[in-house]
Structure formats: structure tokens, C-alpha cells
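# Secondary and tertiary structure notes
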Amino acid sequence: MTVETRRTFCRFCHANCAMLADVEDGRVVAVRGDPDDPVFGGYTCIKGRQLADAHNSSDRLRACRKRTNDGGWTDLATETALDEIAAQLAEITVKHGPHAVAIYAGSYAFQNSAGVATASAFAQGLGSRNMYTSVTLDQPAKVYTTMRYGYWEAGMHSFDTADVCFMIGNNPIVSHYAPPGSLPPFSPSRRLRDAKARGLKLIVADPRESDVAKLADLYLPVIPGEDAAMLAAIIRVIIDEELYDRNFVGAHVDGFDELKAAVAEFSPEMAGARCGLEPAQIVAAARMFAGAQRGIASTGTGTEMAGQGTLVAYLVCSLNIICARFCQEGELSSIPRVFTAVSPRRAQVGAPIPMFGKGFPQSRFRDLTHLGTEMPCNVLADEILTPGDGQIRALINIGGNPVVAFPDQDKITRALDSLELLVSVDVIMAQTARRSHYVLAPKMCLEREDISNLSEWWYEVPYARYTEALVEAPGDLIDEYAMLWGLAQRMGFALPLAGGPCPVDALPNKADYLDLMAAGCLVPPTTVRADTVDGAAVIYADLHPKVEPADPASASRFDLAAGGMPQQLAANVAGSAGERAGFDFLLVSRRTKTRFNSTGGHLKALKAKRTTNPAHLNPADLERLGIAEGDLVQIESAAGTIVGVAEASPGVRPGIVSIAHAYGDAGSGPATVRDQGVSTNRLVRETSNFDPITGQSLQSAIPVNIARYDN
Ligand SMILES: Nc1nc2c(c(=O)[nH]1)N[C@H]1C(S)=C(S)[C@@H](COP(=O)(O)OP(=O)(O)OC[C@H]3O[C@@H](n4cnc5c(=O)[nH]c(N)nc54)[C@H](O)[C@@H]3O)O[C@H]1N2
Ligand SMILES: Nc1nc2c(c(=O)[nH]1)N[C@H]1C(S)=C(S)[C@@H](COP(=O)(O)OP(=O)(O)OC[C@H]3O[C@@H](n4cnc5c(=O)[nH]c(N)nc54)[C@H](O)[C@@H]3O)O[C@H]1N2
Ligand code: SF4
Ligand SMILES: [Mo]
């Protein structure tokens, strides 16, 4: 049998690494990095290298399933499953209104280039406010600051031109995720080494010496949840030493005096005592960051989940603004983006569009509202469990795993189990799929056409990909966009897409569908497809937008006093010691190389590396507590108790336990922890310590006590 090698890109995660795939007898048998790709240069990670196994795995669903009355499962044709689900959804909407149907787009909805837009269109077409995505469990504070404070139309400095990079609670060497302008996910270690060779200075703030922290010029082992104090003091030093850009502030910024007054309380000594740093480290960070000409400060999930998420995001946004880390007239604008709707790239502030709070769709709980066009995940369990007008009775979970990903595992599990209808779109019988009434089995990435719209927030050039499906799916499996289109069609509505309503008479092919979805973008997906030679990337260098002059009529300015943030900072002078009383440790979240959240545990090579999510502790703490490496440890928060496997990690700050999320299952405990790990969300409650704007729960910096677990 001959082997044919085809070019494509990985969709195990959002990085979309360029790949070569060997196809034999209609199956993908091997993948590797594509050395000819100008951006990725052959890079892949261990997860992506398992794509062939993921597609061919015996655990993979090759047909849709329906739960039977005796608790077993029966296979059924996809069209039959869609008929039955649509009929039940229609009945629920007729009886209880459209808000009774919720849709949750999890991390694998994002990996399909049409997944999230189609999920949103479905909720919108149905008229349901109950649209959820993992963004509100992830990094919603950055969504908030963009809406609240506006943005620079021409874009922030990009990494390729930066001479400083400040990462706060972010480990992109493992996660392949950092905000645009920070380290891009393409061969991140090599890019960082190259950048450092040309003079870039790296500052990293993280309570553990993470993979990226090991490469830092200045490493700040900050106490988790105290980043606001650290950043306020850094800003104070920059203002005191006049290291900020006075011309830019004069021309484009309001509220500077309010910021200055609010940070005045945070001397390096006072803030250092709060956040566990030497005053000299804070001063050094301020000088290193502001002393550079180009490059941004940014956060990852660490600070977003550690309480004060929106306050920290505001301070980071302020730091970049007062140091003017933006592209200017005459330069190329940063992050050109081929598949995103084209917007002006002028050297001016793009006005804020605050889409949250009063006047936006309202949850029945905790005064939370839509953030953008979605409801915060914080309220999903209560919206399901609480009777009354608007109660959710059906949930469609696309590529998500709420059982392990949502705060308060017992509660979300109870909520999911109480639904009249739970549908999961999943490739295996994962923790949430197993509790569903129907599991719709989708095509996997190498069986689908896709565009690189998810990764284009990192490309510094107008790089675009259109990949064809390389192989047929091994069964009656369809693409997620076709599933939702099929449900909408049966329920009698058209999916509202950017380019207009999607035709209902016949399913458009994916290329046409993507054109409709991405209407208004720089180059339509069908054009990129036509321009694609041999599956390779197309770079539209001629279309890279230049920064245009500001519109003289524009009155938009950044307003750093908006949203009451200076007052919130002033109120924060005392810190969060009160909430931590009675607890000796703080538990911080992290990612592992061998999983993408909960995905990967069933793949041979990843399972062989490790099956649990160890509780990483400083060796001195282990010794003090009489715990040996490999022992079971009990970790107790105000909300619950879990048992983990101790691992000695000298890079973890004393008083901290660092453990990955999304392992284990509902009800997992000491008997199963070595084989499947444990869910840290058993330690989290969404009703306390949540962000009042985004609903983000405290999923990192969780106060806990630790002891050896003796059975
Ligand atoms: N305590 C704590 N909680 C957290 C976090 C944390 O750091 N700490 N992190 C949060 C973050 S950042 C996120 S994004 C969320 C993640 O939350 P979710 O997205 O809800 O969880 P995942 O584990 O990513 O779920 C992915 C699901 O997709 C399935 N899947 C795998 N491949 C495919 C495919 O090709 N197609 C389809 N349709 N499905 C597929 C997997 O089997 C799995 O069930 O968790 C959040 N929860
Ligand atoms: N291999 C792999 N890659 C992934 C994922 C995965 O599960 N595995 N998940 C994907 C997803 S959904 C996302 S959202 C991204 C996330 O990408 P990142 O945000 O880069 O996630 P992490 O690698 O967990 O890095 C967060 C860092 O924050 C630190 N931290 C925790 N609490 C605090 C705090 O209070 N303050 C500070 N300063 N630091 C803190 C942690 O120690 C950790 O090193 O990664 C994505 N990529
Ligand atoms: S970094 Fe992400 S896209 Fe790249 S090979 Fe790994 S899983 Fe695939
Ligand atoms: Mo995430």
C-alpha cells in the first residue's frame, strides 16, 4: 500500500502547528512537523504528535449514542439522533421558552474553525440568552478590559519587534498560549531564545518557577492572588521615576491622575511585603519594563483565576497604556489577521464598547449579565437547578467537559444530572459525555476542512491556511457545524451568520459556510482555498495593513478612571489576608505537557508519561509536614477536600501547592487518584469569591490546608 504525505495543520490545540500527515489506505498513520512552513519551521509538541493515535484510537466513538432506560447505550444514525434531539428541543422551547435551552461551547468547539460561531448563531437564532463558552472560565478579564477601556486600533507591539516581554501568570512554553503581542506559540522556546539573543529582556511573575520563568532575566516569585499589589507598585515606580510616555499620556489618556493617586499607597516596601517580593525586585521590574522601547506586559490564566482578575487586567492594561506599547503611523500594524472582519488600523484609540451590566441579558443569579454575547459559566449550575421562569432544561455541550472544568464539581454534576436533555458532542465517552442522554460523535480534525482563524491572533504576518479533509471519517460522523445546522433546520430557523442567514434548504459545504461566517474578512476562505498550493500556508504580504493617521475628528481616549478601578485598588490596600485566615497554603492551577485540559488521557504515549496530576510542593514544606514524594496528600479548602499525589518541586514557592486542573472524575478519590488524578474544582465554590463582572470563580490561589493522607 502506498503512503501519501499531505500538508495540513494540527488542531489538538489552538496553536495550529503546520504538519505533514502520512495517509495510508484511507487512514492517517503518522504526523510530523512541516519543516518548510515559514512560521512553524517543523515545530510540534508531544500532544500534536499523537493525532494519528487520537483518530484511530479504539476508544474513539464511531457512531452517535443514546442512553437507554436501563442505563446502557445504543448506537443510532446521526440523522436519527438529530431528529430525536430536535423534537425534544422543540417541545421544551414551546413549553418553556427559548431560554430553557442552553448551549456550551467548550475548548474543542474552539478547535473547529466553525464551532464557536455556529454555537453562538444557534443560541441567537433560537432566541436563548443561555450561550456559554469556556472564555468565562478562562480569561474573561481581558474581554472586560477591551470592552471597558477601549483598544489601540493599530494594535499593540508584537513580539518580533519587542525588546521586553513581561509575563504574569502565563507559561506559554507548555500552554502555547499568551496574549497577542506576547510570546507566540510557534516553537516558543526557540523563539524566546532567538529573541533573547537579539537583546529581549524577559520578566516573569509566577509563584512557581515555571518553564518560561526559568528563562527569565528577572523572575518574580509573587504570592498568588497578590499581583495587583505588585503591579500597582511597579506603576508607582514608573510614574515616580517619570519612565512613562508623557506625550502619549497627554495626547490619548484620561484618568492618569486617578491612577497615580491610587497607586501612591503601594510603595515597593508595602507592596513587596504583601506580594512576597523584595522592594528591589519591584523597582528592577519597573525599570526593566519601562526602560525598554517596545514590548508588552500581559497575563495568562494564573492571575485571571486568582481573584482580582479584572483589577489585575486593568493594571496591566494601564501599564501598557502609560508606556505607549502601541504601533504608530507609518509602521505595519501588528497581528494583521486574514479571517477576522477588517477594521480600521489608525493610530488612535478605538472607543470602548461596554457590553455587560445593566441593559444586557441578565442572569437570575448574582447580578451577573452577559459579557459580550455570552452568559458567565458561573451561573450555569444555578440556572439549571433553580425552578422558575427561565430555568434551563436542556444543554448542548460541544467539545466541553463541565464535570471536570466548572467550579464546584458536585454541584455542576448534580445540575447536569437533573437536566431533561443533555447532549454532548464528544469523540470519546468523556466524563460529561457519560452523563448525557445523547452523545453526538463528530468528525475529528484531519477529517474536516478548516481555516486558521483561531491561531491568527498570533501571526505577525498575514499568514492563512485552508486545509482540506485528509481522510474520510470512520463511520457515520459529521462536522459540528453540520450538526447545529441540522438541528436549526429541523426546528425551523436559519443560523444568523456574519454574512446573513445561512440557507436552510440544503447544508452549504464547509467552504461556503466559512465564507458566510467570516464575511467582511481580509481574504474570504474560498479565496484562500483557491490560492493554496499543495496544502501549504498562503502569506498575503501585500495586504498587510499599514498604520494610518488618526482621524482628526476622533475624540476617543483611554479613560483609566472608568469602571471605578482606581477606587477598587484603593480599597484593596489591606489585601486578601482575611479570606486566607486559617489556611496555610494557596493552591495554584497549572497545565501539563501531556494533556489539553481533560483531553489526552486515553492516548497511549501520553498515558505512558503520567496518569495523575501531581500536587507539586516545595521540598521544605514536604519535610516539615512529614510527607514523602509519592505519598498521598489531603488538600482541604473551605469548599471541599481532595487527595493528590505529592511531588517535590524546588521551584514552587514555599506555602504553595501547584496542581493541574481537569483530571479525575466526579466522585474520584484516594482509590483512583494515581490512575486518573483528581479535579481541583472540588475545592471551588462559584457562589463565593467570584468576580462581580465576569463571574470568574477563584480557580487558582485557593486557600487550603495540607496534610499527609493516611488511610
Ligand atoms: N480549577 C480550574 N478549573 C479550570 C481551569 C483551571 O486552570 N483551574 N481552566 C479553565 C479553562 S482555561 C478552560 S478553557 C476550561 C476548559 O473547559 P472545557 O472546555 O469544558 O473542558 P475540556 O477538558 O477542555 O473539554 C474538552 C472536551 O472535548 C472533547 N474532545 C476532544 N477532542 C474532540 C474533538 O475533536 N471534537 C469534539 N467535539 N470534542 C473533542 C474531550 O473529550 C473533552 O470532553 O476549564 C477551566 N477550568
Ligand atoms: N499542554 C497544555 N496546553 C494548554 C492547555 C493544557 O491543558 N495543556 N490548556 C489550554 C488552555 S484552555 C488555556 S486557557 C491556556 C492557558 O495558558 P496559561 O495561562 O499559560 O496556563 P498555565 O500554563 O497554567 O500558566 C499559568 C501560570 O500561572 C501561574 N499562576 C497561578 N496562580 C497565579 C497567580 O495568582 N499569580 C501569578 N502571577 N501566577 C499564577 C501558574 O503557576 C502557571 O505557571 O493553555 C492552553 N494550552
Ligand atoms: S502545540 Fe498545539 S497545535 Fe502544536 S502540535 Fe502541540 S497540540 Fe498541536
Ligand atoms: Mo482555557
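Residues numbered from 1 in each chain as written. Chains lettered and ligands numbered in written order. Predicted model: local features only at pLDDT ≥ 70, side-chain atom pairs only at ≥ 80, totals over all residues. Heavy atoms only, no water.

### As for the site of ligand 1
- Around ligand 1 sit 28 residues, and of these Y104, S107, D426, E480 and S598 come closest.
- For ligand 1, an oxygen atom lies 2.6 Å from a polar atom in the side chain of Y104.
- Starting from 930 Å² of accessible surface for ligand 1 in isolation, the protein chains cover 97%.
- Class assignment for the residues of the shell around ligand 1 results in 10 nonpolar, 14 polar and four charged.
- Residues lining the shell around ligand 1 come from more than one domain, with at least three contributed by each of domain 2 (64-133 + 376-451 + 466-536) and domain 4 (576-708). (Near = heavy atom within 4 Å. Polar contact = N/O pair within 3.5 Å; in protein donor to acceptor, adjacent residues only side chain to side chain. Areas by Shrake-Rupley, 256 points an atom, 1.4 Å probe, with all protein chains shown as cover. Nonpolar A, V, L, I, M, F, W, Y, C, P; charged D, E, K, R; others polar. Domains from an automatic or database assignment.)

### Side note on the environment of A648
- With respect to the helices and strands, A648 occurs in strand β28 (residues 641-648).
- Since its relative accessible area comes to 28%, A648 is described here as partly exposed.
- For the pair A648 and V573, spaced 75 residues apart in sequence, the C-alpha to C-alpha distance is 34 Å.
- Sequence-distant contacts of A648, that is, excluding residues within four places in its chain, are made with L617, P619, L622 and E629. (Helix = DSSP H or I, 4+ residues; strand = E, 2+ residues; numbered from the N terminus. Buried < 20%, exposed > 50% of the residue type's maximum accessible area, 1.4 Å probe, protein only. Contact = heavy atoms within 4.5 Å.)

### What to know about the pairing of strand β29 (residues 656-660)
- Counting buried residues in β29 gives five out of five residues, a clear majority hidden from the surface.
- Residue alternation in β29 divides its side chains into two sets, I656, S658 and A660 and V657 and I659, and both sets are buried.
- Note: strand β26 (residues 615-617) against β29, two bridges, orientation antiparallel. By the bridge assignment, H616 is partnered in β29 with S658. (Pairing = 2+ DSSP bridges.)

### With respect to the site of ligand 3
- Taken together, C10, F12, C13, A15, N16, C17, T44, C45, K47, G48 and H176 make up all the residues around ligand 3.
- Split by residue class, the shell around ligand 3 holds six nonpolar, four polar and one charged.

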